[in-house]
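Descriptive analysis of the structure
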Amino acid sequence: MTSTPLTRRTVLTGVLGLGAGALTLAACGTSERPVGAAAIAAADARRPRSGGTRAYRLVARPAQVGLGGRVVDTWTYGGALPGRLLRATAGDRVRVDFANQLPQETSVHWHGLGIRNDMDGVPHLTNQPVAPGGRFGFDFVVPDPGTYWFHPHTGLQLDRGLYAPFIIDDPREPGGHDAEWVVVLDDWTDGVGPSPEQIYSNLKRNGGSMGGMSMGDGPMGMGNPGNGARGMGGDGGDVAYPLYLVNGRPPTDPDVLRAKPGQRVRLRIINAAADTIFDVALAGHQLHVTHTDGRPVQPAAASSVRLGMGERYDAVVTLQDGVFPLVARPYGKPGLARALVRTANGSAPAAGLAPGELDGQPLTAMDLQAAPGSPLPRAEPATTQDVTLAGGMGSYVWTINGRTYDDTAPLTVHQGQTTRLRIRNASMMSHPLHVHGHTFQLGPAGGTGPRKDTVLVPPMAGLEVDLLADNPGRWMVHCHNAYHAEAGMMTRLDYLT
């Protein structure tokens, strides 16, 4: 049987074109119940192991960080922004001694990693929160190579400095590049504008309108759809931030990435922002995208790439001679983030320069096809389940399938099943939907669509993805806009026996 090639048109459809069926599920008997610790341990025992062990110590603590001549108070991992990069090889056992020196409880979620459920770091679901002054020992095997990251899953703590990259190397990968740069994008308010909690309180109180509240260096409120909003419609986020950062640095004091002309560099780009979608381009260069969310794709050339919150893209670029801005422009908002790529002496371009590569349509996951060996096993879905994203700015309540998280009706699967998730965005906002502990394939399992763990769903549109239930437990499914998740746009994926 042949599969239809995946295209932007075949995957991304209008909400009304998805059909009226709400849910097709095998009937659950009354004896069915969530899987327990034995099933989680058995699945973990089947993971391939390299025999290596990596041990790290991770401390969440208040710190002062410099932002372009200003020193601000925030929360960090180890006092750095971003936190120290962790690295392992696929199959390694990773042990992380985590200490909480913050004034409130916290957690650590290992974003995109298909690790054992009881190490996923979701408070009151997979783990207990770590109290102030407390510790927790994470211990898990990292099964898949790729670009990942970690952050809290507690309240709005993500919208501070608590994030860091986690790179899992593939011992079989041939390489083919001269250098590697990790590029972490962020939107920033801590210490230069109101706190995340103040932002959320005002969104709830004013129905999304910030009522002219000052954001330090600029106005805070609904993003301006006139800036970079091509191709999606609707709004890019709820907060126009005073600063946007690359590797913890503002555009007036950029991180400088140095290499030689002609070298091939692998970029690992991570969107760690709480509320901002970014379009990323390197002036004077083409990006050759090789991976999304850690999974290989057929190489695709692009002038720019769009990343929703939580998404990651790897790209290879052959560097020219000169000084070039690497720019991340917030979708639907004023401002930009940038680093500088320097291969020669010379003056840096103006801090506000937006390269012409940002003028065209950015590449998204809908434009990509899975590399050979990357698709899920071909299978007809045993179940089809709706994931309807809805809500609005009026009351600032966001839902999945008409329910906030405190009233959720979980999605359900059985071990070994393939389930089809029919994702529909019934709102005028873009939503990056993230599934913990799994990847899903855009389009049918075994087809040509890329594998991902986070996908950006435009307003009033939808797509179908297939997920293989191969990692038992109870898992979060949620919008990776931190404010939407806090306002209820979360549910669970529960394995049943």
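The numbers attached to residues start from 1 for each chain and follow its sequence in the written order. Thresholds applied to this predicted model are a pLDDT of at least 70 for local features of residues and 80 or more for the giving and counting of side-chain atom pairs; totals over whole chains, interfaces and linings are not thresholded and use all residues. To get the side-chain values, take all heavy atoms of the structure and skip hydrogens and water.

Description of the overall build of the protein chain
When helices and strands are counted, the protein chain shows four helices and 32 strands. Residues count as neighbours in contact if any of their non-hydrogen atoms are within 4.5 Å of one another. Pairs at least 24 residues apart make up 78% of the contacts formed inside the protein chain by residues separated by at least 6 positions. The protein chains shown are the only cover counted for residues, whose accessible areas, like all others here, come from Shrake-Rupley with a 1.4 Å probe. Counting every atom, the protein chain has about 17800 Å² of accessible surface; 52% of that belongs to carbon and sulfur. By the criteria applied, helices consist of DSSP H or I runs no shorter than four residues and strands consist of E runs no shorter than two, each listed in order from the N terminus.

What about the pairing of strand β31 (residues 474-479)?
For a regular strand, side-chain orientation follows a simple rule: the groups alternate between the two sheet faces. The buried fraction of β31 is high, at five of six residues. Here strand β26 (residues 431-435) pairs with β31 via three bridges, running antiparallel. Each bridged residue has a counterpart across the sheet, and for Leu433 the counterpart in β31 is Cys479. Of the strand pairs in this sheet, β31 and strand β32 (residues 490-495) are connected by five bridges, and their pairing is antiparallel. Between buried and exposed lies partly exposed: a residue is buried under 20% and exposed over 50% of the maximum accessible area for its type, with that area taken using a 1.4 Å probe on protein chains only. When DSSP locates at least two bridges between a pair of strands, those strands are taken to pair.

Considering the sheet that holds strand β12 (residues 243-246)
Taken in spatial order, the six strands line up as β12-β11-β14-β19-β16-β17 in an open sheet, and their pairing is mixed. On the outer flanks of this sheet lie β12 and β17 (295-302), each paired with one strand and no other. Each neighbouring strand pair of the sheet contributes to a mean axis angle of 25°, computed without reference to strand direction. Pairing of strand β16 (residues 287-292) with β17, which is carried by five bridges, proceeds in the antiparallel orientation. When the bridges of β17 are listed, His291 appears paired with Pro296. Fitting a line to C-alpha atoms yields each axis, with helices limited to the stretch in contact; the angle taken between N-to-C directions then spans 0 to 180 degrees.

Focus: the packing of aromatic side chains
The pairing test for Phe, Tyr and Trp rings, Trp by its six-membered ring, is centres within 6.5 Å, and the orientation test on the planes gives stacked under 30 degrees, edge-to-face over 60, and tilted for anything in between. Summed over the entire model, instances satisfying the criterion amount to eleven aromatic pairs. Ring plane angle 55° and centroid distance 5.3 Å describe the contact between Trp110 and Phe140, whose orientation is recorded as tilted. With Trp110 in strand β7 (residues 109-111) and Phe140 in strand β8 (residues 135-141), this residue pair connects regions lying 30 residues apart in the sequence. Taken as a pair, Trp110 and Phe140 share a single burial class, namely buried. Ring pairs connect the aromatic residues Tyr77, Trp110, Phe136, Phe138, Phe140, Phe150 and Phe166, which therefore count as one cluster. To sit over a ring, a charge needs its Lys NZ or Arg CZ within 6 Å of the ring centre and within 35 degrees of the ring normal. A cation sits over an aromatic face here: Arg160 above Trp75, 4.5 Å from the ring centre.

Brief notes about the pattern of salt bridges
One side-chain nitrogen of Lys or Arg within 4 Å of one carboxyl oxygen of Asp or Glu is enough to make a salt bridge. As enumerated under the stated definition, the model contains 31 salt bridges in all. Here Arg172 ties to Asp170 by a salt bridge, and the two come within 3.3 Å at their closest N and O atoms. Judged by relative accessible area, which is 72%, Arg172 ranks as exposed. The partly exposed category is assigned to Asp170, whose relative accessible area is 22%. Arg306 is the partner of Asp279 in a salt bridge, and the nearest nitrogen-oxygen pair spans 2.7 Å. Within this pair, whereas Asp279 is found in strand β15 (residues 278-282), its partner Arg306 is found in strand β18 (residues 305-307), the two being separated by 27 residues in sequence. Considered together, Asp279 and Arg306 belong to a single accessibility category, that of buried residues. Beyond isolated ion pairs, a larger network of salt bridges with shared partners links Arg87, Asp169, Glu173, Glu180, Arg266, Arg268 and Asp314.

So, helix α2 (residues 37-45)
Inspection of α2 places Ile40, Ala43 and Asp44 among the buried residues, and these make up the whole buried set. End-on, the buried residues of α2 take up no more than an arc of 100°, which puts them together on one face. α2 presents Ala38 and Ala45 as exposed residues on the side facing more than 90 degrees away from its buried surface. Our arc is simply the arc of the directions from the helix axis toward the C-beta atoms.

Topic: the environment of Tyr241
Following the sequence through the fold, Tyr241 ends up in the loop between α3 (196-206) and β12. Residue Tyr241 is classed as buried on the basis of its relative accessible area, which comes to 5%. Along the chain, Tyr241 and Thr189 lie 52 residues apart, while their C-alpha atoms are 6.1 Å from each other. A polar contact of 2.8 Å, which involves the side chain of Tyr241, links it to the side chain of Asp159. Any pair of nitrogen or oxygen atoms within 3.5 Å is treated as a polar contact; in protein, a donor-acceptor pairing is required on top of that, and neighbouring residues in sequence qualify only through side-chain atoms on both sides.

What to know about the pairing of strand β4 (residues 70-77)
Summarising the sheet, strand β3 (residues 53-67) and β4 pair through eight bridges and their orientation is antiparallel. If you follow Ala63 over to β4, its bridge partner there is Thr74. What sits between β3 and β4 in their antiparallel hairpin is a turn of two residues, with Gly68 showing a positive phi close to 60°.

Things to note about the sheet that holds β7
Pairing within the open sheet is mixed, and its four strands lie in the order β5-β10-β9-β7. Only two strands of the sheet have a single neighbouring strand rather than two, namely β5 (86-89) and β7. Here the average twist between neighbouring strands, direction ignored, is 25°. Strand direction decides the pairing type here: β7 and strand β9 (residues 146-151), joined by three bridges, are antiparallel. Within the sheet, the bridge partner assigned to His109 lies in β9 and is His151.

A closer look at the confidence of the model for the protein chain
For every residue, the predictor reports its confidence as pLDDT, a number between 0 and 100. Here the protein chain averages 90 in pLDDT, and 88% of its residues register 70 or above. Here residues 1-6 is modelled with pLDDT under 50, and outside its nearest four sequence neighbours on either side it reaches 16 contacts, counting other chains as well. The model gives residues 209-234 a pLDDT under 50, and that stretch makes 81 contacts with residues more than four places away or in other chains.

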